[in-house]
Amino acid sequence: MTRSKAPMIAVLVVLVLVAALLGGELYFRQQIKSCLAGQLESEIGSQVDVGLGWKPILISLVDKQVSSVTLDSNDARFGPAEGMTVHAEVEDVDLAQTADSNGTIGSSSADISWSTDGIARTLQSQGAGALVSGVTSDAAAGTLSFAVGGLAQLTVKPTVTGDRVDVQTVDASILGLGIPTDLVDSIVGVLSDSLQQYPLDMTPTSLTVTDSGIALNLQGGQYSIPAAQPGQTVEAPEGCGMLA
């Protein structure tokens, strides 16, 4: 081999190694995203788009640690709720699996938007809530109003109290007369149930009524991703095998 060819060969070897590393990074990144999506979709209640943080996944395959994960869903379902839009961020993910968990999360946060259309669809699919013909929001007053049966109007005010959302009735009338208590309780109950069940053990920290619905912020601490229960025949999501 001539001395002039040695540098060229060295450069080619480096380029091949870089290409192999990049190809492996992209492949395994997609596999880990598929694994996390499969594990967390049951928490969000719908399909999610997963994004991974800056840390190279080739390193994560060795130490089982992911710096951060983002989750996005345009049709999340918490309890009876339909049509929630969610953007969540998860920090300090440990992908090491045990008999009791599929990994742990250090902390989490989420921003949730629930449109008046989604609120209406939720109520219309739940018992007496089928009488709700429309929902409007008043950002200035912080209230939601429900048209019930074409004649009645129910107005409620949702707020965060402690670590939960409290829904208080502001007005309930039909042609100046009171709406039956059972009907009011049914509608308020569905709305409350939809604002109490959150993924990853997160709890609400703030709620704002907007011109288009509700904006809600959640925060969460350490959380263990549940493992499959004994007797379950759930196939592991794609990509999870490499983490075992």
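Residues numbered from 1 in each chain as written. Predicted model: local features only at pLDDT ≥ 70, side-chain atom pairs only at ≥ 80, totals over all residues. Heavy atoms only, no water.

**A word on the overall build of the chain**
Put simply, the rule reads: Helical segments are the DSSP runs of H or I of at least four residues, strand segments are the runs of E of at least two, and each set is numbered from the N terminus. Buried means the residue's accessible area, taken with a 1.4 Å probe over protein chains only, is under 20% of the maximum for its type, while exposed means over 50%, and partly exposed covers the values in between. Throughout, a residue-residue contact means that at least one pair of heavy atoms, one from each residue, lies within 4.5 Å. We get accessible surface area from the Shrake-Rupley algorithm with a probe of 1.4 Å; when it comes to residues, only the shown protein chains can shield them.
A count of helices and strands for the chain gives four helices and twelve strands. Expressed as a percentage of its 244 residues, the buried residues of the chain come to 42%. Counting contacts in the chain only where the partners sit at least 6 residues apart, residues at least 24 apart contribute 55% of the total. Summing over all exposed atoms, the chain offers an accessible surface of approximately 12600 Å²; the carbon and sulfur share of this is 56%.

**Some words on the side chain of Thr122**
Tracing the chain through its elements places Thr122 in helix α3 (residues 116-124). What makes Thr122 buried here is its relative accessible area of 1%.

**Quick word on the nonpolar core**
Filter applied, for reference: We define the nonpolar core as a collection of buried residues of types Ala, Val, Leu, Ile, Met, Phe, Trp, Tyr and Cys that are connected through side-chain atoms lying within 4.5 Å of one another.
In this structure, Val69, Ile119, Phe146, Leu191 and Leu195 are the most contacted members of the largest nonpolar core, which totals 56 residues. Looking at this core element by element, the count peaks at six residues for helix α4 (residues 181-194). Not counting residues within four places of it along the chain, the set of residues in contact with Phe146 comprises Ile119, Leu123, Val132, Gly134, Val135, Ala152, Gln153, Leu154, Val156 and Leu191.

**Examining unusual backbone geometry**
Phi is positive for Leu200, close to 60°, though the residue is something other than glycine. Note that Leu200 resides in the loop between α4 and β10 (203-209). Phi is positive for Asp201, close to 60°, though the residue is something other than glycine. Position of Asp201 among the secondary structure elements: in the loop between α4 and β10.

**Looking at the packing of aromatic side chains**
So the rule is basically this: To pair, rings of Phe, Tyr and Trp, with the six-membered ring standing in for Trp, must have centres within 6.5 Å; the planes then decide the type, stacked if under 30 degrees apart, edge-to-face if over 60, and tilted in the middle.
Throughout the structure, instances matching the rule amount to one aromatic pair. Here Phe78 and Tyr198 contribute two aromatic rings whose centre-to-centre distance is 6.1 Å and whose plane-to-plane angle is 85°, an arrangement assigned as edge-to-face. Taken together, the residues Phe78 in the loop between β2 (65-76) and β3 (84-94) and Tyr198 in the loop between α4 and β10 connect sequence positions 120 residues apart. Judged on exposure class, the residue Phe78 and its partner Tyr198 are both buried.

**So, a negative patch on the surface**
Selection criterion: Each patch is assembled from residues with relative accessible area greater than 30% and no salt bridge, linking like charges that lie within 9 Å and nonpolar side chains (Val, Leu, Ile, Met, Phe, Trp, Tyr) that lie within 5 Å. The salt bridge definition used is simple: a Lys or Arg side-chain nitrogen within 4 Å of an Asp or Glu carboxyl oxygen. A residue counts as positive if it is Lys or Arg and as negative if it is Asp or Glu; His and the chain ends are not included. The atoms used to mark charge sites are NZ of Lys, CZ of Arg, CG of Asp and CD of Glu.
A contiguous patch of negative charge, built from Asp49, Asp72, Glu89, Glu91, Asp92 and Asp111, is present on the exposed surface. Take the negative patch: its biggest share by element is three residues, from β3. Summarising the element assignment, Asp92 is placed in strand β3.

**A closer look at the pairing of strand β4 (residues 101-115)**
Inclusion rule: Only when DSSP finds a minimum of two bridges between them are two strands counted as paired.
Examined bridge by bridge, β3 and β4 share ten bridges and lie antiparallel to one another. Bridge pairing in β4 places Glu89 opposite Ser109. Both β4 and strand β12 (residues 223-226) contribute to a ladder of three bridges, which runs antiparallel. Its bridge partner being in β12, Ser101 is matched across the sheet by Pro226. Note that β4 and strand β11 (residues 213-220) share eight bridges and pair antiparallel. Paired with Ser113 across the strands is Ala215, a residue of β11.

**A closer look at the pairing of β2**
Pairing of strand β1 (residues 49-52) with β2 involves four bridges; the strand directions are antiparallel. Pairing of Asp49 across the sheet is with Asp72, part of β2.

**Things to note about the environment of Leu71**
Of note, Leu71 is situated in strand β2. Take Leu71: its relative accessible area is 2%, and that puts it in the buried class. Separated by 27 residues in the primary sequence, Leu71 and Ile44 have C-alpha atoms spaced 9.0 Å apart. Discounting residues that sit within four places of it in the chain, Leu71 has contacts with Leu40, Val48, Asp49, Val50, Val86, His87, Ala88 and Val90.

Structural measurements only, silent on function.
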